[in-house]
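Residue-level structural notes
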Amino acid sequence: MKELTRAEEQVMQVLWKKGKTTVKEIVAEMSDTQPAYNTISTIVRILETKGFVDHEPRGKGYAYFPIIEKAAYTKRFLKNFMKNYFSGSFRELVSFFAKESDMDIKDLELLMEEVRNDLEDDGKPAS
């Protein structure tokens, strides 16, 4: 699975939220950034080429929908993030965020449990 660019991720967030939708509806959902229709159309076609999106006919155009689940992409992204920035160490990741956000013990324990559950691979903790 390839990584998404920032613009692709913004479009995917809309698709994950709305499900099947048109380019026009994606543009409307991103109204705060005011992207051009042609820009979003191009990004959607790139996402289709990368295997993140598919389409079906809707009226005179197409409705696009995600074929990669948000949870699957998030898990893959988080694993790559840990590998690239924390030497793949769950402990280094949690330690960094605990220090940066001044977390209390209860929040830290909850975070550690959630991340461990998300990163389990074949029944083994990631680190």
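Just above, that's the structure.
Residues numbered from 1 in each chain as written. Predicted model: local features only at pLDDT ≥ 70, side-chain atom pairs only at ≥ 80, totals over all residues. Heavy atoms only, no water.

Of regular secondary structure, the protein possesses 6 helices and 2 strands. Listed by position from the N terminus, the elements making up the protein come as α-α-α-β-β-α-α-α. Within the protein, buried positions represent 28% of all 127 residues. Sequence separation of 24 or more characterises 50% of the internal contacts of the protein that already satisfy a separation of 6 or more. Of the roughly 8,700 Å² that the protein leaves accessible, carbon and sulfur atoms contribute 50%. In the protein, which carries 20 positive and 22 negative side-chain charges, the distance between the mean positions of the two groups comes to 6 Å. (Helix = DSSP H or I, 4+ residues; strand = E, 2+ residues; numbered from the N terminus. Buried < 20%, exposed > 50% of the residue type's maximum accessible area, 1.4 Å probe, protein only. Contact = heavy atoms within 4.5 Å. Areas by Shrake-Rupley, 256 points an atom, 1.4 Å probe, with all protein chains shown as cover. Lys, Arg positive; Asp, Glu negative; His and termini not counted. Charge placed at Lys NZ, Arg CZ, Asp CG, Glu CD.)

As for its placement among the helices and strands, Asp 118 is situated in helix 6 (residues 105-119). The class for Asp 118 is partly exposed, based on a relative accessible area of 45%. Between the C-alpha atoms of Asp 118 and Lys 79, which are 39 residues apart in sequence, the distance is 9.7 Å.

All right, on to the pairing of strand 1 (residues 53-58) then. The sheet contact formed by strand 1 and strand 2 (residues 61-66) spans 6 bridges and is antiparallel. Across the sheet, the residue bridging to His 55 is Tyr 64, located in strand 2. (Pairing = 2+ DSSP bridges.)

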